[in-house]
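Geometric and topological summary
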Amino acid sequence: MTSTKLYTVIYVVLFAFATVQVVIEGLSGIGYEIAVAGILLLSVIKAVLVAGYYQHLLYEPRSVAYVVASGLVTAIALTFAASYSIT
Amino acid sequence: MTEDQQTHDDRAVQSGGGPPDGSATENALVFRLRRFFTRDELPPLGTVRHWLLTTNHKDVGILYLVTSLFFLVFGGVLALLMRVELLTPVGDILSATGYNQAVSTHGLIMIFWFLSPFAFGFANYVVPLQIGAKDLAFPRLNSLSYWLYLFSGILLGISYFQGGSFEGGWTMYAPLNVPTYMPNIGSTTTVLALVLFVISVTVSSVNFITTLHRMRAEGLTLFRMPLFTWSILLTVWMMLFAFAALLAALLILSSDRILGTTYFTAEGTPGSLLWTHLFWFFGHPEVYIVFFPALGAMAETFQTFTGRRLVGRKWFIIAMVLVALQSFLVWMHHMFLTSINLQIKTLFMVTTIGISLPFDLMVFSLIYTMVKGRIRFTTPFLFTFGALLVFIIGGITGVFLGAVVLDYQLRGTYWVVAHFHYVMVAGVMALVGGIFYWYPKFTGRMYNKRLGKATFWLFFVGFNLLYFPLFVAWETPRRVFEYPAALTPWHQLATVGGFLLGISFLLVIWNCYWSLWRGEPVDGNPWEYSTTAEWAVPSPPPLENFPGVPSYESGSLAFRDDDTPETSTDGGTTVSNDESGSTAHDHHDSHASPWPFFIGIASLVFFLGLSGITTGGIYPVLTALGVVFGAVSLIGFGLESFSVTEPERGERWPFEGIENGKLGVWVFLASDIVLFGAFIGSYVFLRVGYGWTDWTLVPHDPIPGLINTYILLTSSFCIVLALVAAEKNSRWGLIAGLSTTLLLGIGFLINKGIEWVELFHEGVWLSSNVQASTFFLTTGLHALHVILGLLILLYLIPRAINGSYLNDERPIEYFGLYWHFVDIVWLFLFPLFYII
Ligand code: HEM
Ligand SMILES: [Cu+2]
């Protein structure tokens, strides 16, 4: 697959996932927690696709991904610990 | 950034350096100004132009040192005012608000505008020398950091003249920090001064991280790196993430103050708790950020003056790495008296005990180095040795505070004040040792040794006389000028100590000044057992530091003949070809640029304008001026031809396969992740506190958000296509990709604008409630990122039309990294604020 083709396929997938997120919200059958989990999971997948291919993080040295990951871990640690601390 | 800029460059040189061609239009003043700021060559030392234009790391280091000493005097005067006030247990010379301002700005100045920049003076000067680099990776950004730092400090000074400066302590606790309690414009200015300072710090962190990982001499593996440089490496990594959290806190605070959002006054889970989390998530790493460089200076001088390698050097490094990581896991020990739950208090008590262990190891390593070596009691050693002694006391008293039960008693008392002065001023003491240690390197002259030693004793006695009584009088309430009368003698003793300490600082400064002319000249290395590379070159070192390319391949430092350098750039234009067909040997690096200075002034004007923008008058004008002047300066910065060579060979672990510029962008993005992460974290925190499902979403329907998601995704795709086109040398493809992205970005903003205006019409405003505040501010920060991206596009597109970026598409690639990042952020904001 040429790179342009790959980028196009990813674009279509991203577009579709965004739509699905809104659809999930409209579904009445599933519980709130599951819907939230599904919606966030889709966001994560989209983010990984953009970072991995559009930002070609997959093709950079692994250490660059670690830098990004440490930023993420920092933010997530703050978010969870702070929210957990609430009495 | 590319060769096509050659033409532009020629023009710049002609019109700047020579007489104006067809000068009818150019009046004399403009011409003079232009000549003053032209930067073909670095003007001679000793001229004002030199210091305004220089981008050389050694000059910038000196600027940092001198400026930070100025702030030391500023903060010191405030401290002495407080000490005089505290001579009696009742208020006498200062008013209550005067005292509040003195306490607050003293703390802010000493921590932010003195101690850290003081350490970075050394870092700037010494680190490139120690790693065998000619300069930092991005010299112009380095001088930009300096100017932003200086102007942020000036902005803080201005705050005093706007009805008074900040009054809520350096920790700026909420809700005291909002306009209801602190309405002065000056308090807003203080917050904005800190914002500007954080921008400077972030630029520096990116620069140093790139430099330290990519510019080390051949053979200088991380493990072999000198300890001072190690301490800076860890400091800048901590800075990158910690200051991003602070930036989030400050931006939210600025918004609460200027735009009227209600984060920190939010009820339910108090917004005040949110502030403490954000602040201390930064604040604890910050205490190591200020201390680590001092630790590095200690390790360095202990080795040199005991003539011995540090005992357990490997473990010392491992311990520093551990502390740097752990420093992000102890922040709630500053929050034992807030409403956080007991489990988490206990957890953080444990992590706090955990972080003191590697510290013990470092202290023992320093002590054993003395035991094993033969000590030479020079002035620098006396200072760093004294620092170790008082640091031990400071550390032990900190462990008391880390115990939840004890802290219930000690919090808010002078115990805390004494503790942190023992540790922080230990850091200062070690860095004063650093001044004496490196003074001969900086100036080529020896300091006055007799005076140096005498100063040490005065310093040491003054220090303990000042801070030890504070432990004894620990029942004094912190930040208040009234205290139980029985404690008066201790406070009077402390005041005497304060003046002695103040005098000893002046003596240090005097010694440096006096020795510039009268000091005994020294050659490259005045210390018998020094081992690091800065001592292998003359004092002061020449402009480009080394007589050849430094290499450690053989196990010790050697210089090879000049290699053929690659060209690289820090965002300016690289000049690589010229008609004479010269080889790279004639290639010379640039060392001067006026733009960092201009960007600095523009930022000052801009933030000053923002501080009072809601009051009208001159403020909106200043803001607009700042924007225009800033834009011009940034364009100047972008178009300027500025060349930097990236060494051919060297140690680059773990970033071998990526060039400096791209690494810089990624490192910056990592800090931006923490910034947005902290914004999203604040939203989650407030929502959890409010009751997750009770929270109502602000937009009524997700469709505008969904459309904007489509728009951003499409724009990302277009940027990818633009890059592909550039790689294939298709000029029109490139232009089409960039322009479509620009249009889509504008579409995104219009769509958002419509959505917001509708909400405003319904009466939903930023200050309506906490839901609205988080919605508008978080998506607003994102929109600001979009706008910045569009401005960059406006710069890129005309240049693409002129044929740029086809030979070198890196700028397009870097822009893409940023743009995709903005896209990714939206991928999370959209569900969080529109759907779930
Ligand atoms: C073993 C090491 C340390 C431990 C266990 C420790 C523990 C603590 C604790 C628990 C507090 C909070 C006290 C309270 O507010 O009630 C505190 C405050 C403080 N510590 Fe330390 N500390 C240590 C080392 C350091 C170092 C190395 C520095 C700086 C160089 C430092 C600077 C500070 C500062 C500035 C504060 C006051 C913050 C404020 O304004 O409230 N500490 N320390
Ligand atoms: Cu702490």
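Everything numeric in this text was worked out from a predicted model, so none of it was measured.

1. Side note on the overall build of chain B
The secondary structure content of chain B amounts to 23 helices and four strands. For 836 residues, the compact-globule estimate of 2.2 N^0.38 gives 28 Å, and chain B sits close to it at 27 Å. Projected onto the principal axes, the alpha-carbon positions of chain B cover approximately 75 × 70 × 55 Å. Across the 836 residues of chain B, 63% fall into the buried class. Long-range pairs, those at least 24 residues apart, make up 82% of the contacts in chain B with a sequence separation of at least 6. The centroid of the 41 positive side-chain charges in chain B is displaced by 9 Å from the centroid of its 54 negative side-chain charges.

2. Some remarks on the UniProt feature "transmembrane region" (unreviewed entry) in chain A
All names here are of chain A. Using the residue numbers shown here, the UniProt feature "transmembrane region" (unreviewed entry) corresponds to residues 7–24, 30–52 and 64–86. Along residues 7–24 one finds 100% helix and 0% strand; the C-alpha atoms at either end are 26 Å apart. For residues 30–52, the helix share is 91%, the strand share is 0%, and the end-to-end C-alpha distance is 31 Å.

3. A word on the site of ligand 1
Residues and elements named next belong to chain B. The immediate surroundings of ligand 1 are formed by 23 residues, with Trp170, Asp407, Arg411, His419 and Arg478 found nearest. One nitrogen or oxygen atom from the side chain of Arg411 is found 2.2 Å from an oxygen atom belonging to ligand 1. For ligand 1, a nitrogen atom lies 2.9 Å from a polar atom in the side chain of His419. Considering only residue class, the shell around ligand 1 consists of 12 nonpolar, eight polar and three charged.

4. As for the interface of chain A and chain B
Contacts between chain A and chain B engage 46 residues on the former and 59 residues on the latter. Contact between chain A and chain B buries roughly 4,600 Å² in total, counting both sides, with carbon and sulfur atoms accounting for 78%. Linking chain A to chain B there are one salt bridge. Residues Glu60 of chain A and Lys662 of chain B are paired through a salt bridge, measuring 2.6 Å at the closest nitrogen-oxygen approach. In this structure, the connection of chain A to chain B is made through 13 residue pairs in polar contact (both at pLDDT 80 or more). Listing elements by their share of the side of chain A that touches chain B, those giving two or more residues are α1 (3–26), α2 (32–54) and α3 (62–85) of chain A. Broken down by element, the side of chain A that touches chain B gets its largest block of residues, 17 residues, from α3 of chain A. Among the residues forming the side of chain A that touches chain B, the class breakdown is 28 nonpolar, 15 polar and three charged.

5. Remarks on the coordination of the copper ion (ligand 2)
In an ideal tetrahedron of four donors about a metal, each angle is 109.5 degrees. In an ideal octahedron of six donors, the angles are 90 or 180 degrees. Residues and elements named next belong to chain B. Coordination of the copper ion (ligand 2) by the protein involves His284 (ND1), His333 (NE2) and His334 (NE2), with metal-donor separations of 1.8 to 2.0 Å. Here the donor residues of the copper ion (ligand 2) are spaced in sequence according to H-x48-H-H. Separating the copper ion (ligand 2) from the iron atom of ligand 1 is a gap of 4.7 Å. We note that His333, like His334, is buried.

6. What to know about the UniProt feature "domain: Cytochrome oxidase subunit I profile" (unreviewed entry) in chain B
Sequence positions flagged by UniProt for "domain: Cytochrome oxidase subunit I profile" (unreviewed entry) are, in local numbering, residues 51–553 of chain B. Across residues 51–553 of chain B, the secondary structure splits into 69% helix and 1% strand, with the terminal C-alpha atoms separated by 36 Å.

7. Here's the deal with the packing of aromatic side chains
All names here are of chain B. Under the definition given, this model contains 95 aromatic pairs over all chains. Ring geometry for Phe112 versus Phe197: centroids 5.7 Å apart, planes at 70°, classification edge-to-face. Highlighted residues: Phe112 in helix α5 (residues 96–131) and Phe197 in helix α7 (residues 185–214), separated in sequence by 85 residues. Judged by its relative accessible area of 3%, Phe197 is buried. Residues Tyr146 and Trp147 carry aromatic rings whose centres are separated by 4.9 Å and whose planes lie at 70° to one another, so their mutual orientation is edge-to-face. Note on Tyr146: relative accessible area 3%, which makes it buried. Taking the relative accessible area as the measure of exposure, Trp147 reaches 6% and is therefore buried. Here the basic side chain of Arg140 rests over the ring of Phe637, its NZ or CZ set 3.8 Å away from the ring centre.

8. Examining the domain arrangement of chain B
Assigned domains of chain B: these are domain 1 (56–536), domain 2 (595–639) and domain 3 (696–836). Taking the mean C-alpha position of each, domain 2 of chain B and domain 3 of chain B sit 24 Å from one another.

9. Considerations on empty space enclosed by the protein
Unfilled space is identified by rolling a water-sized probe across the atoms. Residue and element names in this part refer to chain B. Enumeration over the complete set of coordinates arrives at five cavities of 30 Å³ or more. Lining the largest cavity are Tyr64, Ser116, Pro117, Phe120, Phe197, Ser200, Val201, Ser204, Met239, Phe243 and Ile289. For the lining of the largest cavity, the secondary structure elements donating two or more residues are α5, α7 and α8 (227–258). Ranked by residues supplied to the lining of the largest cavity, first place goes to α7 with four residues. Across the lining of the largest cavity, the residue classes tally to eight nonpolar, three polar and no charged.

Each value, and the rule that gives it
- Residues numbered from 1 in each chain as written.
- Chains lettered and ligands numbered in written order.
- Predicted model: local features only at pLDDT ≥ 70, side-chain atom pairs only at ≥ 80, totals over all residues.
- Heavy atoms only, no water.
- Helix = DSSP H or I, 4+ residues; strand = E, 2+ residues; numbered from the N terminus.
- Rg over C-alpha atoms; globule rule 2.2 N^0.38 Å.
- Buried < 20%, exposed > 50% of the residue type's maximum accessible area, 1.4 Å probe, protein only.
- Contact = heavy atoms within 4.5 Å.
- Lys, Arg positive; Asp, Glu negative; His and termini not counted.
- Charge placed at Lys NZ, Arg CZ, Asp CG, Glu CD.
- UniProt positions renumbered as here; feature names shortened; annotations may be inferred.
- Near = heavy atom within 4 Å.
- Polar contact = N/O pair within 3.5 Å; in protein donor to acceptor, adjacent residues only side chain to side chain.
- Nonpolar A, V, L, I, M, F, W, Y, C, P; charged D, E, K, R; others polar.
- Buried area = accessible area lost by both parts, 1.4 Å probe.
- Salt bridge = Lys/Arg side-chain N within 4 Å of Asp/Glu carboxyl O.
- Donors = N, O, S within 2.8 Å, 3.2 Å for Na, K, Ca; no water.
- Phe/Tyr/Trp six-rings, centres within 6.5 Å; stacked < 30°, edge-to-face > 60°.
- Lys NZ or Arg CZ within 6 Å of the ring centre and 35° of its normal.
- Domains from an automatic or database assignment.
- 1 Å grid on protein atoms, 1.4 Å probe; cavity = no way out; pocket = protein on both sides within 12 Å on 5 of 7 lines; lining within 4 Å.
- Points joined across faces, edges and corners; volume = space filled by probe spheres on them.

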